Amino acid sequence: MPAETHVERGPLGPEEAFALVRERLAEILDIDETRITRESRFSEDLEADSLALIELVEALEEELGERTVGFSVDDEDLADLVSVGDAVDYVMARLQVASADS
Amino acid sequence: MTVCTVAVDAMGGDRAPGEIVNGVLRGVEELGIEVLLVGREEEVTPLLPSPLPSGISVLDARDVIAMDDEPASAVRKKKDASIVRCAQAVRDGLADAMVSAGNTGAAMAAALLRMGRIKGVARPAIAVPLPVPGHGYQLLVDAGATTDVSPEWLVQFAIMGREYARVRLGVDEPTLGLLSIGEEPGKGDELRKLAYPLLQAVPGFVGNVEGRDFMRAATVDVVVTDGFTGNVALKSLEGALRSLASLVFKVFESSPEARAAGDVVMPMLLDAAEAYDPELTGGGVLLGVAGVCVISHGSSSANAIFKALSVAADAVRADVPERVREAIANAR
């Protein structure tokens, strides 16, 4: 059962994942969280460059790696993440993979 | 006062690890610092005297980021690379600063990803000192950390550069200029035109400067530009100075009379030319990250590493990251 890998804080739902992505991205881009929606595109709407995305990935790996052993992001998948919603969906999928593997 | 510890990338640069280790040995002896040499233990340790001199320790790091590796993804993929472990050592409190002569982009990415960014700083910038004959140095910010910038980021570079100029140049109220293609406010591309009015709110801003204002007295203390233009300018200056030096040598070899004159003048010229040697400036400092990171020339000799260690120790003692954080916070 996936929940057994989530130590202390329990499994992460899509809303919580979105909140986490939004919070970290707002810190990295130094913008207000309210500017970030699921539909926001990294490049066009938020002016996030590739380094900002890697900062986001590192932050997510650090945060989620503590909750779900084995959570990681494959750099080759980054090019497919166009919007914040894509990133949230990707995080949820990777969490499932990590949970299944552990 | 606690002893400053510098993490040094033993594997970074064209002349690593030999010249790096030699520079470290001198630094520990003369600067009163301690050094954590980070790199492949089996390559680094044989270069050190036995027993290990006091103040030097070795941290084994198995990987190396090559000069042609893509910086950010290399930092992510090669987590045990010497340059990454240096930045991590600063983050974890094992060292107060890092020095690397390796891949500049990777040093920047490692520092950014491991040490973190100072709040309010969008992107870091490299501050490089340019010699001004008879007048010390001028700072170029950014010399190549962030190539694509917004007008607001240039303002941050100006604020960070001005604060660091106080430490590096010893000037209380440094002046700033925006590098452009004309002195008038309307001159330049869209980026410069948009940045100019924003920069007017930064203390010390005197307006646009041109390429000819580099390395000249009575211009500005800090030249602000994007990392792309800054790097092109820096390499152009290096190339032009090399070309000029080769012209001078040719002139003094052109006839017996010129050779005789050269015998008299050349020692003085060579002494004076030392001021232009990029090896002696100690490298650039990465501004905007939450730690001290000194980036040296890829071809750094032991002497260059020694100077870089001195620059790093000075930046730690002056608490440059905290000064930059305060300057950025006060400007918001």
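Please refer to the structure placed before this passage.
Residues numbered from 1 in each chain as written. Chains lettered and ligands numbered in written order. Predicted model: local features only at pLDDT ≥ 70, side-chain atom pairs only at ≥ 80, totals over all residues. Heavy atoms only, no water.

Student: Residue-level account of the packing of aromatic side chains, with values.
Tutor: Under the counting rule described, the total for this entry stands at 1 aromatic pair over all chains. Above the ring of B:Phe306, the side-chain terminus of B:Arg26 is found at 3.6 Å from the ring centroid. (Phe/Tyr/Trp six-rings, centres within 6.5 Å; stacked < 30°, edge-to-face > 60°. Lys NZ or Arg CZ within 6 Å of the ring centre and 35° of its normal.)

Student: Break down helix 11 (residues 320-331) of chain B for me, with residues and values.
Tutor: Residues and elements named next belong to chain B. Taking 1.5 Å of rise per residue, 12 residues should cover 16 Å, and helix 11 covers 16 Å from first to last C-alpha, within 8% of that figure. Within helix 11, burial applies to Val320, Pro321, Val324, Ala327 and Ile328. Taken down its axis, helix 11 places every buried residue within 130° of arc, on the same side. (Helix = DSSP H or I, 4+ residues; strand = E, 2+ residues; numbered from the N terminus. Expected span 1.5 Å × (residues − 1). Buried < 20%, exposed > 50% of the residue type's maximum accessible area, 1.4 Å probe, protein only. Arc of directions from axis to C-beta.)

Student: I'd like to hear about empty space enclosed by the protein, residue by residue, with values.
Tutor: Leftover empty space is mapped by rolling, across the atoms, a probe with the size of a water molecule. Tallied over the full model, the rule gives 3 cavities of 30 Å³ or more. Roughly 80 Å³ of internal volume is contained in the largest cavity. If you go around the largest cavity, the residues you meet are A:Phe42, A:Leu53, A:Leu56, A:Val57, A:Leu60, A:Val73, A:Leu78, A:Leu81, A:Ala87, A:Tyr90 and A:Val91. By residue number, the principal contributor to the lining of the largest cavity is helix 2 (residues 50-67) of chain A, which donates 4 residues. Here the lining of the largest cavity is built from residues that sort into 11 nonpolar, no polar and no charged. The calculated volume of the second largest cavity comes to roughly 50 Å³. Elements with a minimum of two residues in the lining of the second largest cavity: strand 10 (284-287), strand 11 (292-295) and helix 11 of chain B. (1 Å grid on protein atoms, 1.4 Å probe; cavity = no way out; pocket = protein on both sides within 12 Å on 5 of 7 lines; lining within 4 Å. Points joined across faces, edges and corners; volume = space filled by probe spheres on them. Nonpolar A, V, L, I, M, F, W, Y, C, P; charged D, E, K, R; others polar.)

Student: How would you sum up helix 5 (residues 104-115) of chain B? Please name residues and give values.
Tutor: Given a rise of 1.5 Å per residue, 12 residues ought to cover 16 Å, and the 16 Å separating the end C-alpha atoms of helix 5 of chain B matches this to within 8%. Each element contacted by the buried residues of helix 5 of chain B is listed here: helix 2 of chain A together with helix 3 (71-77), helix 4 (82-91), strand 4 (97-100), strand 10 and strand 11 of chain B. Where helix 5 of chain B begins, the side chain of B:Asn103 points an oxygen toward the backbone nitrogen of B:Gly105, at a separation of 3.0 Å. Phi for B:Gly116, located one or two positions after helix 5 of chain B, is positive at around 95°. (Contact = heavy atoms within 4.5 Å. Polar contact = N/O pair within 3.5 Å; in protein donor to acceptor, adjacent residues only side chain to side chain.)

Student: Requested: an account of the interface of chain B and chain A, with residues and values cited.
Tutor: Counting residues at the interface gives 15 residues for chain B and 15 residues for chain A. Of the roughly 1,200 Å² buried at the junction of chain B and chain A (both faces included), carbon and sulfur atoms supply 41%. The largest per-residue losses of area from chain B upon contact with chain A belong to B:Arg76, B:Arg117 and B:Arg123, which jointly make up 47% of the total buried on that side. Linking chain B with chain A are 7 salt bridges, by the criterion used here. (Buried area = accessible area lost by both parts, 1.4 Å probe. Salt bridge = Lys/Arg side-chain N within 4 Å of Asp/Glu carboxyl O.)

Student: Lay out the state of the cysteines in plain terms, naming residues and giving numbers.
Tutor: Residues and elements named next belong to chain B. As enumerated under the stated definition, the model contains 0 disulfides over all chains in all. Here Cys4 is not cross-linked by a disulfide; its sulfur's nearest cysteine counterpart is in Cys86, at 13 Å. Overall, the relative accessible area of 5% leaves Cys4 in the buried class. With no disulfide of its own, Cys86 lies 8.9 Å from the sulfur of Cys293, the closest cysteine sulfur. (Disulfide = S-S within 2.5 Å.)

Student: Any details on the sheet that holds strand 7 (residues 176-179) of chain B? Residues and values, ideally.
Tutor: All names here are of chain B. In space, the 11 strands of this open sheet follow the order 3-2-1-4-11-10-5-6-9-7-8, with mixed pairing throughout. In this open sheet, the two strands that pair with only one neighbour each are strand 3 (56-60) and strand 8 (205-209). Strand-to-strand twist of the sheet, defined as the mean angle between neighbouring strand axes without regard to direction, takes the value 25°. Note that strand 6 (residues 137-141) and strand 9 (residues 222-224) share 3 bridges and pair parallel. Directly across from Leu140, in strand 9, lies its bridge partner Val223. (Pairing = 2+ DSSP bridges. Axes fitted to C-alpha atoms, helices over the stretch in contact; angles between N-to-C directions.)

Student: How would you sum up a nonpolar patch on the surface? Please name residues and give values.
Tutor: Together, B:Val264, B:Val265, B:Met268 and B:Leu269 line one region of the surface with nonpolar side chains, adding up to about 340 Å² of accessible area. Within the secondary structure, B:Val264 sits in helix 9 (residues 256-273). (Patch = residues over 30% accessible without salt bridge, like charges linked within 9 Å, V, L, I, M, F, W, Y side chains within 5 Å. Areas by Shrake-Rupley, 256 points an atom, 1.4 Å probe, with all protein chains shown as cover.)

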